[in-house]
Amino acid sequence: MSNVIEMKCSLMISLFVLLVCCSYGTVQGAPTALWVFGDSLVDNGNNNFINSIAKSNYYPYGIDFNRGPTGRFSNGKTFIDILGELLGIASPPPFADPSTREGRILGGVNYASAAAGILDETGQHYLERYTLSQQVINFESTLSQLRTMMSPGDLNTYLSRSIAVMVFGSNDYINNYLMPNLYTSSINYTPQQFANLLLNHYARQLVALYSIGLRKFLLAGVGPLGCIPNQLATGQAPPGRCVDYVNQILGSFNEGLRSLVASMNNGSHPGSIFVYGNTYAVIGDILNNAARYGFNVWDRACCGVGRNQGQITCMPYQFPCLDRSKYIFWDAFHPTQAVNAISAQRAYSGPPSDCYPINVQQMSSINFP
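Residues numbered from 1 in each chain as written. Predicted model: local features only at pLDDT ≥ 70, side-chain atom pairs only at ≥ 80, totals over all residues. Heavy atoms only, no water.

Going by the annotation in an unreviewed UniProt entry, the name recorded for the chain is GDSL esterase/lipase At1g71250-like, with Nicotiana tabacum given as the source organism. Regarding the chain, the relevant UniProt record gives this comment under Sequence similarities (unreviewed entry): "Belongs to the 'GDSL' lipolytic enzyme family." One UniProt comment on the chain, placed under Subcellular location (unreviewed entry), says "Secreted". (UniProt positions renumbered as here; feature names shortened; annotations may be inferred.)

Set out below in structure tokens:
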């Protein structure tokens, strides 16, 4: 009986994918480029070139990366590095790097910036950063370069077959809403009102990117921030528990982002597909089943200072934990390469509960007419 049920479920999923692909375009080819917008979770060196306090271009960052410290906030590869490998696309270069010129932009560009948020004021205590709105402006400057390299028709096809990855929202909470000593947002807005504010700003920038030619979008939700070492270091949770209040207020944003994806896919933006990456569920599953994934430390960082090694990020040349593969968190805010690998794989090939309505692999195979 169970085999029959499994066969029926498998057939239903296959039919769903086929219907989605037929609705959006023909299934063929591979993505032409990867455009990365976001924060320190996917920054690969932009903050190296601006006047920012939020930098990671020193050891032990990059200790497990073949190029050493690059500005990635990880011991090794980021989510984007691994997702790019799965897609067959090299990790795109940082926009702010002077060596990122016309010859290096054809595979895409990374605009992500540590401390960046959806709101322009988010993370301002870290000084300079490329906010969401500035990253869209930066993409437009790259687009001006591309227009000199391709005919309008070729450029439209090239953009429609590329993938934009958007990773925003974490800083709007940990470096804005949850810092009442520096920002008034938690005084002025309830969690629901603040989520609505973020989503309205986000939607406007998504429409802007659609209007200038991008057609495939992966929008990552916010992970369980109440479980990161930075929040555990506040002492607001009992031992062995996350800061429940922090995780609860994220629900409005994540649920709203999923609804935004559904509304963007309802026909108002023809020839496009928007996908919601359920980061909260994926990281939550890893935290709840750490041993099954091979982790044995979830409640402190591999590298950092203070309570739960989460009060300050890795200090220059600080000695980190020896076995990074056993840790979920690399520093106060960021996961290890091992966690990034799981997250990227589930975004690439996971079920609709991980990536809605289709996963990145399915999205990448769609070519719009």
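Peer 1: What am I meant to see in the overall build of the chain here?
Peer 2: The helix and strand tally for the chain stands at 12 helices and seven strands. In summary, the chain has a C-alpha radius of gyration of 20 Å against a globular reference of 21 Å for 369 residues, a match within 12%. Projected onto its principal axes, the C-alpha positions of the chain cover 60 × 55 × 45 Å. In the chain, once contacts between residues fewer than 6 apart in sequence are set aside, the share between residues at least 24 apart is 72%. Entry remark: accessible area of the chain is about 15,300 Å², with carbon and sulfur atoms responsible for 56%. With 21 positive and 21 negative side-chain charges, the chain shows a spacing of 3 Å between the two charge centroids. (Helix = DSSP H or I, 4+ residues; strand = E, 2+ residues; numbered from the N terminus. Rg over C-alpha atoms; globule rule 2.2 N^0.38 Å. Contact = heavy atoms within 4.5 Å. Areas by Shrake-Rupley, 256 points an atom, 1.4 Å probe, with all protein chains shown as cover. Lys, Arg positive; Asp, Glu negative; His and termini not counted. Charge placed at Lys NZ, Arg CZ, Asp CG, Glu CD.)

Peer 1: What's the story with the pattern of salt bridges in this structure? I'm lost.
Peer 2: Working definition: two side chains of opposite charge can pair if their charged atoms are close together. If you walk through the whole model with that rule in mind, you get seven salt bridges. With its nearest N and O atoms 2.8 Å apart, the salt bridge here joins Asp285 to Arg346. Of the two residues, Asp285 is situated in helix α10 (residues 279-288) and Arg346 in helix α11 (residues 337-349); the sequence distance between them amounts to 61 residues. Like Arg346, Asp285 is buried. A salt bridge links Arg346 to Asp354, with the shortest nitrogen-to-oxygen separation between them at 2.9 Å. Residue Arg346 shares its accessibility class with Asp354, and that shared class is buried. Taken together, the salt bridges that share partners define one network made up of Asp285, Arg292, Arg346 and Asp354. (Salt bridge = Lys/Arg side-chain N within 4 Å of Asp/Glu carboxyl O. Buried < 20%, exposed > 50% of the residue type's maximum accessible area, 1.4 Å probe, protein only.)

Peer 1: For this particular structure, what's the right way to read the sheet that holds strand β5 (residues 273-277)?
Peer 2: Within a sheet, adjacent strands bond to each other through the backbone by hydrogen bonds, running parallel or antiparallel. Pairing in this open sheet of five strands is mixed, and the strands run β2-β3-β4-β5-β6 from one edge to the other. Edge positions in the sheet fall to β2 (34-38) and β6 (355-356), since each has one partner strand and no second. By the bridge criterion, five bridges tie β2 to strand β3 (residues 163-167) in an arrangement that is parallel. Its bridge partner being in β3, Leu34 is matched across the sheet by Ile163. Against the sheet, helix α9 (residues 244-264) touches β4 (216-220), β5 and β6, its axis set at about 160 degrees to β5. (Pairing = 2+ DSSP bridges. Axes fitted to C-alpha atoms, helices over the stretch in contact; angles between N-to-C directions.)

Peer 1: Where do I start with the environment of Ala347 in this structure?
Peer 2: Counting through the fold element by element, Ala347 comes out in helix α11. Judged by its relative accessible area of 9%, Ala347 is buried. When sequence neighbours within four positions are dropped, the list of residues in contact with Ala347 reads Phe79, Cys355, Asn359 and Val360.

Peer 1: Would you mind showing me how to read α9 here?
Peer 2: Each α-helix winds once per 3.6 residues, and so residues spaced three or four apart point in a common direction. In this model, α9 (21 residues) spans 31 Å end to end at C-alpha, consistent with the 30 Å of a helix rising 1.5 Å per residue. Its axis deflected by about 30 degrees at Gly251, α9 carries its strongest bend there. Taken together, the buried positions of α9 are Val246, Asn247, Ile249, Leu250, Ser252, Phe253, Asn254, Gly256, Leu257, Leu260, Val261 and Met264. (Expected span 1.5 Å × (residues − 1). Bend = angle between axes of the 7 residues up to and from the residue.)

Peer 1: What is the right way to look at the packing of aromatic side chains in this model?
Peer 2: How two aromatic rings sit relative to each other is given by the distance of their centres and the angle of their planes. Overall, the coordinates contain 17 aromatic pairs when judged by the stated rule. When the centroid spacing of 6.1 Å and the interplanar angle of 80 degrees are considered together, the rings of Phe168 and Tyr202 count as edge-to-face. One end of the pair, Phe168, is in the loop between β3 and α5 (170-177); the other, Tyr202, is in helix α7 (residues 191-211), and 34 residues separate them in sequence. We classify Tyr202 as buried; its relative accessible area is 0%. The residue whose ring lies beneath Arg258 is Tyr356, and the NZ or CZ to ring-centre distance is 3.7 Å. (Phe/Tyr/Trp six-rings, centres within 6.5 Å; stacked < 30°, edge-to-face > 60°. Lys NZ or Arg CZ within 6 Å of the ring centre and 35° of its normal.)

Peer 1: When you look at the pairing of β5 in this model, what are you seeing that I'm missing?
Peer 2: Of all five residues in β5, five are buried, a share of seventy percent or more. Taking every second residue as pointing to the same face, both faces of β5 are buried, with Ile273, Val275 and Gly277 on one and Phe274 and Tyr276 on the other. Across five bridges, β4 lies against β5 in parallel orientation. In the sheet register, Phe217 faces β5, and the bridge partner there is Phe274. Both β5 and β6 contribute to a ladder of two bridges, which runs antiparallel. Each bridged residue has a counterpart across the sheet, and for Gly277 the counterpart in β6 is Cys355.

Peer 1: Can you help me understand the packing of α7 against α9 in this one?
Peer 2: Two measures define how a pair of helices packs: the angle their axes make with one another and the distance between the axes. Taken N-terminus to C-terminus, the directions of α7 and α9 make an angle of 30 degrees; their axes are 9 Å apart at the nearest point. Of the two elements, α7 crosses α9, and the hand of that crossing is right-handed. Across from Pro191, Gln192, Ala195, Leu198, Leu199, Tyr202, Ala203, Leu206 and Val207 in α7, the residues of α9 making contact are Ile249, Ser252, Phe253, Gly256, Leu257, Leu260 and Met264. Split by residue class, the contact of α7 with α9 holds 13 nonpolar, three polar and no charged. (Left-handed = near helix turned anticlockwise from the far one by under 90°. Nonpolar A, V, L, I, M, F, W, Y, C, P; charged D, E, K, R; others polar.)

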